[in-house]
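Below, each chain spelled out in residue letters.
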There are 2 protein chains.
Amino acid sequence: MATIKQVSELAGVSLATVSRVINDTDQVKPATRAKVEDAMKKLGYRPNFIAQSLASNKSNTVGYVVPELHGSFFGDMLSGSERLLKKAKKHLFIAAGHSNEEDEIKAIESLLGRRCDALILHLEAVSNDYLIELSKDNVDFVVVNRYIPEIADRCISLDNVKGGYIATKTLIRYGHRDIAYISGSLWKSDAADRLAGHKQALQDANIPYNRLRVFEGNFQASSGYEGMLSFLNSGQAPTAVACANDEMAYGAADAIRERGLSIPDDISLVGFDNIEFSRFSHPKLSTVDYPTRAIGETAANWILSRIYGQGPFDATHIFMPELISRDSIAMLKSDKA
Amino acid sequence: MATIKQVSELAGVSLATVSRVINDTDQVKPATRAKVEDAMKKLGYRPNFIAQSLASNKSNTVGYVVPELHGSFFGDMLSGSERLLKKAKKHLFIAAGHSNEEDEIKAIESLLGRRCDALILHLEAVSNDYLIELSKDNVDFVVVNRYIPEIADRCISLDNVKGGYIATKTLIRYGHRDIAYISGSLWKSDAADRLAGHKQALQDANIPYNRLRVFEGNFQASSGYEGMLSFLNSGQAPTAVACANDEMAYGAADAIRERGLSIPDDISLVGFDNIEFSRFSHPKLSTVDYPTRAIGETAANWILSRIYGQGPFDATHIFMPELISRDSIAMLKSDKA
DNA sequence: ATGAAAGCGCTAACAC
DNA sequence: GTGTTAGCGCTTTCAT
């Protein structure tokens, strides 16, 4: 691997000059520049990013911790950030936190050890306190998908409570009163928030809360299936069910059909997240939109503007969810009322 | 940020000793080790990965170029690699190639500049020749999802021709002869291979190839929709359609239903990839399984064994596709025969 | 078992 | 406009 030194020798100039043409930092005489560029080409020179970072004390890379790499949800979010960052010539270093505290902290440490200029943190297990401490620690980061009052300006999130609320509220508007809920793992703040919204909507409509109508799944389709089964086997099937994400809604739909029941005629269904797929499913799923891409972009812009001093300064940090109305919710049939 | 030097001073030992305890490389007297670890804790020391890499000339990180970050396909593959690499304490640096040559090459250069110990390359635009050159260039890499005879030992792929073949073959077994095909962008080798397999199956069954029964989509659901529409509008609807991926199959399904037609009673459908979702769709999609996770894992193992000298040495490089039989294919109804 | 010292490849003052 | 030089934080011989 050719070094800057070899280039400088071949070109007959000093190290500094080569560095100048690489970084396009100072004025360099065109003729000199040409000589250097020639030499670089001849040697197949490729800047050593590692050395650059060490010497300049910045890496031009931002670290991103996601819960998982698989599935489309996080990829979509990452993609939003990546496109913006790339435009600004910043790189993205991705690490997975695997939804457990040890790995999440390791991931953060590792990104910091790499001297990432800033971090985007999508965490599930780590405590708010840890993050609050981190913020005092002179490390630049944004938190995504979590709202922490003490560091609100660093948090970019969707109002999950409201999302849970409008999902159930919509079902209620369609006349439903026996509404079951399939939740995500409740130790995750977004799952808990969505459920809270559901309860609130019930309460606002004077529908008594029945804990047997809540199933704690894990955000995976199979748990939606199980959850639905448990409702179906309870003697009286609910007329509608709200799910904490689209995946589980599809699992639930599967169980409903297995019973020979139809969606939405027999049971109405509402999801959450609005994954790509939900526009093409059958029936098309009514669901709460999670602005994945926009949140990813906002996170990138936060960093671009605060840390690198470029790009727009987005003021919006809390996104308001909207219900995407499609074909999985129907008016409650009167014979069931 | 504390440095090794500060640690050494606080602990009253030399730089070298601190380095030893960090890397657990040489023997260090327990008492000394304790002093050092104490000092590290007190200072909140965190090894500077950048400096380590520069000094040791290895980064313990493998670079991974994917076409895109969004969608679930690449995420699943990455996830397979990540889990194995993580176990071996290697890190993953992910870059997106965005399906165009410039970005793909930039991504590779950038990963090399970071002194990644090895690369996993999932490319679409770059030529085989470029990769063959690269292999002579003393850089360690595996190619995923592409088969290049000259560097076959570095290629991990699915036999896409065979995949296309069995999809169509299955349709033929079910009595279909008017089989349409919705392809991916044909400049992508996997799309071209799958189509080739389709044609071969037709030929083997003495079904004349009709170019009007092939629509070139782009692997996105919406193009499947369009493609299906074009077949539907052609005067005579095909009795079955094979799609080059599941997403497009869902787009096609949407178009079929819009016409009031049913799957599989009126039109049979077969997909490709077997995305997570296809187990939960309605009807459940029959499709060719793409072993995403296994391929990701094999790529990781390739690197682990060849470059880092650890982990199993997988000999299998070409995966054989299987058809997952579900509910979207039906026997051709005799009145249509 | 531990220390001294020479780099790793580059940037960033500072001279000229 | 270009060269000199001192680091950046660490690993790694080579001594001791």
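Residues numbered from 1 in each chain as written. Chains lettered and ligands numbered in written order. Predicted model: local features only at pLDDT ≥ 70, side-chain atom pairs only at ≥ 80, totals over all residues. Heavy atoms only, no water.

With respect to the overall build of chain A
The line we're drawing: Under the scheme used here, helices are H or I runs from DSSP no shorter than 4 residues and strands are E runs no shorter than 2 residues, and both carry numbers assigned from the N terminus. Only protein chains enter the area calculation, which uses a 1.4 Å probe; residues under 20% of their type maximum are buried, those over 50% are exposed, and those in between are partly exposed. Any two residues whose heavy atoms approach within 4.5 Å are treated as being in contact. All accessible-area figures derive from a Shrake-Rupley calculation using a 1.4 Å probe, and residue coverage is judged against the displayed protein chains alone.
A tally of regular secondary structure across chain A gives 12 helices and 12 strands. Its C-alpha atoms give chain A principal-axis dimensions of about 90 × 40 × 30 Å. A total of 337 residues make up chain A; the buried ones form 57% of that total. A separation threshold of at least 6 residues defines the contact pool for chain A, and within that pool the share at least 24 residues apart is 68%. If you sum the accessible surface of chain A, you get close to 14,400 Å²; carbon and sulfur atoms cover 49% of it.

Focus: the domain arrangement of chain A
Interface size is commonly expressed as the accessible surface area that is lost when the partners come together. Using the following cut-off: For the purposes of this description, domain bounds are those given by an automatic or database domain assignment.
Splitting chain A by domain gives domain 1 (4-47), domain 2 (60-158 + 292-319) and domain 3 (160-290 + 323-336). One C-alpha centre belongs to domain 1 of chain A, the other to domain 2 of chain A; they are set 36 Å apart.

Here we look at empty space enclosed by the protein
Quick note on the threshold: Grid points spaced at 1 Å and placed over the protein atoms alone form the basis of the search, with a cavity being a set where a 1.4 Å probe fits but cannot get out and a pocket an open set showing protein on both sides within 12 Å along at least five of seven lines. Lining residues have an atom within 4 Å of a point. Grid points are joined across faces, edges and corners, and a volume is the space filled by probe spheres set on the points. Amino acids are sorted into nonpolar (Ala, Val, Leu, Ile, Met, Phe, Trp, Tyr, Cys and Pro), charged (Asp, Glu, Lys and Arg) and polar (every other residue, Gly among them).
Evaluated as defined, the whole model comprises 9 cavities of 30 Å³ or more. There is about 110 Å³ of room inside the largest cavity. Residue lining of the largest cavity: 14 residues in total, with Phe93 and Arg114 of chain A together with Phe49, Phe93 and Arg114 of chain B positioned closest to the centre. Looking at the lining of the largest cavity, the elements that each hand over two or more residues are helix 4 (49-56) of chain A together with helix 4 (49-56) of chain B. Among the residues forming the lining of the largest cavity, the class breakdown is 8 nonpolar, 4 polar and 2 charged.

Description of the packing of aromatic side chains
The cut-off we apply is this: Two aromatic rings from Phe, Tyr or Trp, using only the six-membered ring of Trp, form a pair when their centres are within 6.5 Å; if the ring planes differ by under 30 degrees the pair is stacked, by over 60 it is edge-to-face, and anything between is tilted.
The full count for this structure, using the stated rule, is 10 aromatic pairs over all chains. Between Phe277 of chain A and Tyr250 of chain B, the aromatic rings sit 4.7 Å apart at their centres with planes inclined by 85°, giving edge-to-face as the arrangement. Here Phe277 of chain A is found in the loop between strand 9 (268-273) and strand 10 (287-289), whereas its partner Tyr250 of chain B is found in helix 11 (residues 246-258) on a different chain. The exposure class assigned to Tyr250 of chain B is buried, which follows from its relative accessible area of 5%.

Quick notes on the protein's contact with DNA strand C
Using the following cut-off: A molecule or strand has a residue near it when one of that residue's heavy atoms lies within 4 Å. Pairs of N or O atoms within 3.5 Å make up the polar contacts considered here, provided that, within protein, one atom can donate a hydrogen while the other can accept it, and that residues adjacent in sequence are counted only when both atoms are side-chain atoms.
Taken together, 24 residues surround DNA strand C, and among them Ile4 and Tyr45 of chain A together with Thr17, Arg20 and Thr32 of chain B come closest. At the protein interface, 68% of the atoms of DNA strand C within 4 Å belong to sugar or phosphate. Note that a phosphate oxygen of DNA strand C is positioned 2.3 Å from one of the backbone N or O atoms of Ile4 of chain A. Note that a phosphate oxygen of DNA strand C is positioned 2.7 Å from one of the side-chain N or O atoms of Thr17 of chain B. Within the residue set of the surface near DNA strand C, elements represented by two or more residues are helix 2 (15-23) and helix 4 of chain A together with helix 2 (15-23) and helix 4 of chain B. For the surface near DNA strand C, the residue count by class is 11 nonpolar, 10 polar and 3 charged.

Quick word on the sheet that holds strand 9 (residues 268-273) of chain B
Residue and element names in this part refer to chain B. Worth spelling out the cut-off: Paired strands, as defined in this entry, are two strands with at least two bridges between them according to DSSP. Geometry is summarised by axes, namely lines fitted to C-alpha atoms with helices restricted to the contacting stretch, and by angles between N-to-C directions that run from 0 to 180 degrees.
Strand order in this open sheet of 6 strands is 7-6-8-9-10-12, and the pairing throughout is mixed. Only two strands of the sheet have a single neighbouring strand rather than two, namely strand 7 (214-216) and strand 12 (322-324). Sheet twist, expressed as the mean angle between neighbouring strand axes with direction ignored, is 20°. Sheet topology note: the strand 8 (residues 240-243)/strand 9 ladder contains 3 bridges and is parallel.

So, the side chain of Ser183 of chain B
Residue and element names in this part refer to chain B. Here Ser183 shows up in strand 6 (residues 179-183). With relative accessibility at 0%, the residue Ser183 sits in the buried group. Residues within four places of Ser183 in sequence aside, it is in contact with Ala191, Phe215, Glu216, Gly217, Asn218, Ala244 and Met248.

Here's the deal with the interface of chain A and chain B
What counts here: Take the accessible area each of two parts loses on contact, using a 1.4 Å probe, and add the two losses: that sum is the buried area. Here a salt bridge means any side-chain nitrogen of Lys or Arg lying within 4 Å of a carboxyl oxygen belonging to Asp or Glu.
Taken together, the contact between chain A and chain B spans 48 residues of the former and 48 residues of the latter. When the area that chain A buries against chain B is broken down by residue, the three leading residues are Arg46, Ile50 and Phe280 of chain A, summing to 16%. Our count for the contact surface shared by chain A and chain B stands at 8 salt bridges. When the shortest N-O distance is used, the salt bridge between Arg83 of chain A and Glu68 of chain B registers 3.3 Å. At the surface where chain A touches chain B, the tally comes to 15 residue pairs in polar contact (both at pLDDT 80 or more). Contributing elements (two or more residues each) for the side of chain A that touches chain B: helix 4, helix 5 (73-87), strand 2 (91-96), helix 6 (101-113), helix 10 (221-232) and helix 11 (246-258) of chain A. It is helix 5 of chain A that contributes the most residues to the side of chain A that touches chain B, 7 residues altogether.

Re the environment of Arg177 of chain B
Residue and element names in this part refer to chain B. You can see Arg177 is positioned in the loop between helix 8 (160-173) and strand 6. Each C-alpha atom, one on Arg177 and one on Leu43, is 74 Å from the other, the two residues being 134 residues apart in sequence. Those residues in contact with Arg177, other than ones at most four positions away along the chain, are Ala205, Asn206, Ile207 and Thr239. Reaching out from Arg177, the side chain makes a polar contact with the backbone oxygen of Asn206 at a distance of 3.4 Å.

Structural notes on the protein's contact with DNA strand D
Of all residues adjacent to DNA strand D, which total 23 residues, the nearest are Arg20, Lys29 and Thr32 of chain A together with Ile4 and Tyr45 of chain B. Backbone atoms, meaning sugar and phosphate, form 64% of the atoms of DNA strand D found within 4 Å of the protein. Secondary-structure elements contributing two or more residues to the surface near DNA strand D are helix 2 and helix 4 of chain A together with helix 2 and helix 4 of chain B. Ranked by the residues each element gives to the surface near DNA strand D, the list is headed by helix 4 of chain B, at 4 residues. Looking at the surface near DNA strand D residue by residue, the classes come out as 11 nonpolar, 10 polar and 2 charged.

Side note on helix 1 (residues 4-11) of chain A
Residue and element names in this part refer to chain A. Selection rule: Directions are taken from the helix axis to each C-beta atom, and the arc is the one they span.
When we look at burial in helix 1, the residues that qualify are Val7, Ser8 and Ala11. Around the axis of helix 1, the buried residues are gathered within 100° of arc, so they sit on the same side. Where helix 1 is buried, its residues touch helix 2 and helix 3 (30-43). Two residues or fewer past helix 1, Gly12 is found with a positive phi of approximately 70°.

Overview of the environment of Arg213 of chain A
Residues and elements named next belong to chain A. Among the structural elements, Arg213 can be located in the loop between helix 9 (189-204) and strand 7 (214-216). Look at Arg213 and you get buried, because its relative accessible area is 9%. Along the chain, Arg213 and Ile4 lie 209 residues apart, while their C-alpha atoms are 67 Å from each other.

Points about unusual backbone geometry
For the bond running from His282 of chain A to Pro283 of chain A, omega is -5°, close enough to zero to count as cis. Looking at where Pro283 of chain A falls in the secondary structure, it is placed in the loop between strand 9 and strand 10. A cis amide bond links Ile263 of chain B with the next residue in sequence, Pro264 of chain B, at an omega value of 5°. Positionally, Pro264 of chain B belongs in the loop between helix 11 and strand 9. Even without being glycine, Asn138 of chain A reaches a positive phi, approximately 65°. By the element assignment, Asn138 of chain A lies in the loop between helix 7 (128-136) and strand 4 (141-144). With relative accessibility at 70%, the residue Asn138 of chain A sits in the exposed group. For Asn57 of chain B, which is not glycine, the phi torsion reads 60° and is therefore positive.

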